[in-house]
Amino acid sequence: MQRVCFLLKVRQDHLAEYRERHAAVWPEMRAALSATGWHNYSLFLRDDGLLVGYLETEDFEAARAGMEATEVNARWQAEMAPFFEALDGARPDEAMKPLTEVFHLA
């Protein structure tokens, strides 16, 4: 099982709405994530907008590709894109660059 952690930056003026949206993630989005291999997926948001994502999956690239193939992900990413800084034209899910794990205590 791969453990994946990534960082993104939520715009300061969108923090409250970002939290609201994630308090009510669409059921079809939750189902698609589960079906494509996203497990123990968590998002942590700091007050300055730093977003830390964590998930476990058998194959991160396959899990991302599976989500990319879903219609619900296309809708979700289009709605979420304005919330983020520094995407450089990428969708939020494309901007998720895994961090290198340097320590793990099992």
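Here the structure is a predicted model, which is why all the values come from computation and not from measurement.

### Brief notes about the layout of surface pockets
- By volume, the largest pocket is sized at about 550 Å³.
- Along the wall of the largest pocket there are 27 residues; nearest its centre are Met29, Leu33, Trp38, Tyr41 and Leu43.
- The set of elements that each furnish at least two residues to the lining of the largest pocket consists of β1 (2–9), α1 (15–23), α2 (27–35), β2 (39–45), α3 (60–68) and α4 (71–80).
- Counted by class, the lining of the largest pocket contains 16 nonpolar, five polar and six charged residues.

### A word on α2
- What α2 keeps buried is the set Met29, Ala32 and Leu33. Looking straight down α2, one finds its buried side chains confined to an arc of 100 degrees; they lie on one side. Of the exposed residues in α2, those oriented more than 90 degrees away from the buried face are Pro27, Arg30 and Ala35.
- The secondary structure elements touched by the buried residues of α2 are β2, α3 and α4.
- Immediately beyond the C-terminal end of α2, within one or two residues, lies Gly37, with a positive phi of roughly 95 degrees.

### Some remarks on the pattern of salt bridges
- Enumeration according to the criterion identifies ten salt bridges in this entry.
- Here Asp48 ties to Arg46 by a salt bridge, and the two come within 2.7 Å at their closest N and O atoms.
- Looking at Asp48, the relative accessible area reads 31%, which means it is partly exposed.
- The structure contains a network of salt bridges with shared partners spanning Glu68, Arg91, Asp93 and Glu94.

### Points about the pairing of β2
- Summarising the sheet, β2 and strand β3 (residues 50–57) pair through five bridges and their orientation is antiparallel. By the bridge assignment for β3, Ser42 is matched with Tyr54.

### Digging into the packing of aromatic side chains
- All chains considered together, the criterion is met by six aromatic pairs.
- Ring centres of Trp26 and Trp76 lie 4.9 Å apart, and the angle between their planes is 90 degrees; this geometry places the pair in the edge-to-face category. Pair noted here: Trp26 is in the loop between α1 and α2 and Trp76 is in helix α4, with a separation of 50 residues, a long-range link. Across the pair, Trp76 and Trp26 agree in class, each one buried.
- Plain terms: the ring middles of Trp38 and Tyr41 are 5.1 Å apart, the flat faces sit at 55 degrees to each other, and that makes the pair tilted.
- The class of Tyr41 is partly exposed, set by a relative accessible area of 31%.
- In this structure an aromatic cluster arises from ring pairing among Phe6, Trp38, Tyr41 and Phe60.

### So, the sheet that holds β1
- Taken together, three strands build an open sheet; the order of strands is β1-β3-β2 and the sheet is antiparallel. A strand with exactly one partner marks an edge of an open sheet, and here the two such strands are β1 and β2. Between one strand and the next, the sheet's axes are offset by a mean angle of 15 degrees, whatever the strand orientation.

Cut-offs used in this document
Residues numbered from 1 in each chain as written. Predicted model: local features only at pLDDT ≥ 70, side-chain atom pairs only at ≥ 80, totals over all residues. Heavy atoms only, no water. 1 Å grid on protein atoms, 1.4 Å probe; cavity = no way out; pocket = protein on both sides within 12 Å on 5 of 7 lines; lining within 4 Å. Points joined across faces, edges and corners; volume = space filled by probe spheres on them. Helix = DSSP H or I, 4+ residues; strand = E, 2+ residues; numbered from the N terminus. Nonpolar A, V, L, I, M, F, W, Y, C, P; charged D, E, K, R; others polar. Buried < 20%, exposed > 50% of the residue type's maximum accessible area, 1.4 Å probe, protein only. Arc of directions from axis to C-beta. Contact = heavy atoms within 4.5 Å. Salt bridge = Lys/Arg side-chain N within 4 Å of Asp/Glu carboxyl O. Pairing = 2+ DSSP bridges. Phe/Tyr/Trp six-rings, centres within 6.5 Å; stacked < 30°, edge-to-face > 60°. Axes fitted to C-alpha atoms, helices over the stretch in contact; angles between N-to-C directions.

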